[in-house]
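# Survey of secondary and tertiary structure
Given next are the chains, with one letter for each unit.
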Amino acid sequence: MKQLLRASLMGSAIALATSAMAEGTDLQALEQAARAEGAVNSVGMPDSWANWKDTWADLARLYGLKHQDTDMSSAQEIAKFAAEKENATADIGDVGAAFGPIAVQQGVTQPYKPSTWAQIPDWAKDQDGHWMLAYTGSIAFIVNKQLVKDIPRSWADLKTGTYKVSAGDVSTAAQAVNGVLAAAIAMGGNESNVQPALDFYGELAKQRRLSLANPTIQTLEKGEVEVGIVWDFNGLSYRDQIDPERFEVLIPSDGSVISGYTTIINKWAKNPNAAKLTREYILSDAGQINLAKGNARPIRAEHIELPAEVQAKLLPQEQYAKVQPIKDAAAWENTSKMLPRLWQEHVIINMN
């Protein structure tokens, strides 16, 4: 009987794995197929990022899915999918918005539209369901108040400071790439013109004020970062985990960018239905609240009511007065591809 049941469930799994769903999704069949797989393996979705730990705990408790994650950047996730192909060790990943279309172009994803598809704004999703933002982030500063006495509140302040600025790895990380765009926007640039930001960071490099330390919870805790350029949700999470009195997180007053992150499901996933159920849960009310608990702003925020204590964890709305979304996605996609080379030519070259 168990063998017949498993065969039936795996038949459902095969059918589900080859289709994208939205309205009329058979969630019961999806759940059964995911339970038969029994596990979901992720990349770039560590416990400390956007409160993924609660989502993994919920998926284990509700559906019996075992989980493990390997943390890596957006570019590394896509490269891993492409390199492993049928020998896939990862089922699902989480990449920056600019990397969603890149993953589709490289043919490493499979589509799945969750049952909440209609409540995701058009600008935040691929029409075929290969990617859709689950949460948004805005570029912020995280400042170590023990090391920096004159706290910068704008990009203009960063120019005149004496502290080092940690921008992250622009060649691989969506957070660092968007940090460049945020600086460009504040300085009069846009998605097709990031030269103002390259000049800014290049000048920091000449002054030996550009740090190559990646702003992570580990480097922040060790005191290796004076001012870090991070997503707001990461900064708030790092601050709360290390010492709320030691760090200040703020949105630069002269401009920033709001973007987001999307799950991508590996085309060759060994547990495709578990991956789809994971996406389904992430975009449910409970999954969206989990993200908000990690200081990330849910993409379905207008359709859910956040608990008061969760809302209180987010930065005041007035700090976002000069934050803007990406206005020209095509131009930004093109610039994003060129940015690693431009960063080397205009910024890293000045560190010698």
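Residues numbered from 1 in each chain as written. Predicted model: local features only at pLDDT ≥ 70, side-chain atom pairs only at ≥ 80, totals over all residues. Heavy atoms only, no water.

## Focus on the packing of aromatic side chains
- Summed over the entire model, instances satisfying the criterion amount to 13 aromatic pairs.
- Ring geometry for Trp231 versus Phe233: centroids 6.3 Å apart, planes at 10°, classification stacked.
- Take Phe233: its relative accessible area is 0%, and that puts it in the buried class.
- Here a set of aromatic residues connected by ring pairs shows up, and it is made of Trp49, Trp52, Trp56, Tyr135, Trp231, Phe233 and Tyr261.
- Between Lys125 and the ring centre of Trp117, over which it is positioned, the NZ or CZ distance is 4.4 Å. (Phe/Tyr/Trp six-rings, centres within 6.5 Å; stacked < 30°, edge-to-face > 60°. Buried < 20%, exposed > 50% of the residue type's maximum accessible area, 1.4 Å probe, protein only. Lys NZ or Arg CZ within 6 Å of the ring centre and 35° of its normal.)

## A word on the pattern of salt bridges
- What the rule picks out here adds up to nine salt bridges.
- Across the salt bridge formed by Asp285 and Arg300, the nearest N and O atoms sit 2.9 Å from each other. One end of the pair, Asp285, is in helix α12 (residues 285-293); the other, Arg300, is in the loop between β11 (297-298) and α13 (308-311), with 15 residues separating them in the sequence.
- With relative accessibility at 3%, the residue Arg300 sits in the buried group. (Salt bridge = Lys/Arg side-chain N within 4 Å of Asp/Glu carboxyl O. Helix = DSSP H or I, 4+ residues; strand = E, 2+ residues; numbered from the N terminus.)

## Overview of the layout of surface pockets
- Empty space within the largest pocket amounts to approximately 470 Å³.
- Looking at the largest pocket, it is lined by 26 residues, and the ones nearest its centre are Trp49, Asp71, Met72, Ser73 and Asn214.
- Of all elements in the fold, only α4 (74-84), α7 (174-186), α9 (217-221) and α10 (232-242) reach the threshold of two or more residues within the lining of the largest pocket.
- For the lining of the largest pocket, a count of residues per class yields 10 nonpolar, 12 polar and four charged.
- Two domains each donate at least three residues to the lining of the largest pocket, and these are domain 1 (31-136 + 259-312) and domain 2 (137-258 + 317-350). (1 Å grid on protein atoms, 1.4 Å probe; cavity = no way out; pocket = protein on both sides within 12 Å on 5 of 7 lines; lining within 4 Å. Points joined across faces, edges and corners; volume = space filled by probe spheres on them. Nonpolar A, V, L, I, M, F, W, Y, C, P; charged D, E, K, R; others polar. Domains from an automatic or database assignment.)

## A closer look at the domain arrangement of the protein
- One can read the domain layout of the protein as domain 1 (31-136 + 259-312) and domain 2 (137-258 + 317-350).
- Taking only C-alpha atoms, the centre of domain 1 and the centre of domain 2 are 25 Å apart.
- Facing 21 residues of domain 1, the contacting portion of domain 2 comprises 23 residues.
- Its largest share of buried area at the contact with domain 2, domain 1 owes to Ser259, Asn295 and Arg297, together 33% of the area lost on that side.
- Our enumeration of links across domain 1 and domain 2 arrives at zero salt bridges.
- Put simply, domain 1 and domain 2 have nine residue pairs in polar contact (both at pLDDT 80 or more) between them. (Contact = heavy atoms within 4.5 Å. Buried area = accessible area lost by both parts, 1.4 Å probe. Polar contact = N/O pair within 3.5 Å; in protein donor to acceptor, adjacent residues only side chain to side chain.)

## Considerations on the packing of helix α2 (residues 27-37) against helix α11 (residues 272-282)
- Running from N to C, α2 and α11 point in directions that differ by 125°, and their axes come no closer than 7 Å. Classed by the angle they form, the pair α2 and α11 counts as oblique. Regarding α2 and α11, the two cross each other, and that crossing is left-handed. Residues Leu27, Leu30, Glu31, Ala33, Ala34 and Glu37 of α2 form the contact with α11, whose own contacting residues are Pro272, Asn273, Ala274, Lys276, Leu277 and Glu280. (Axes fitted to C-alpha atoms, helices over the stretch in contact; angles between N-to-C directions. Parallel < 35°, antiparallel > 145°, perpendicular 65-115°, else oblique. Left-handed = near helix turned anticlockwise from the far one by under 90°.)

## A few points about the pairing of strand β2 (residues 66-70)
- With five bridges connecting them, strand β1 (residues 39-43) and β2 associate as parallel partners. Directly across from Val40, in β2, lies its bridge partner His67.
- What joins β1 to β2 is helix α3 (residues 52-63), and the crossover it makes is right-handed. (Pairing = 2+ DSSP bridges. Right-handed = clockwise from strand over helix to strand, strands pointing away.)

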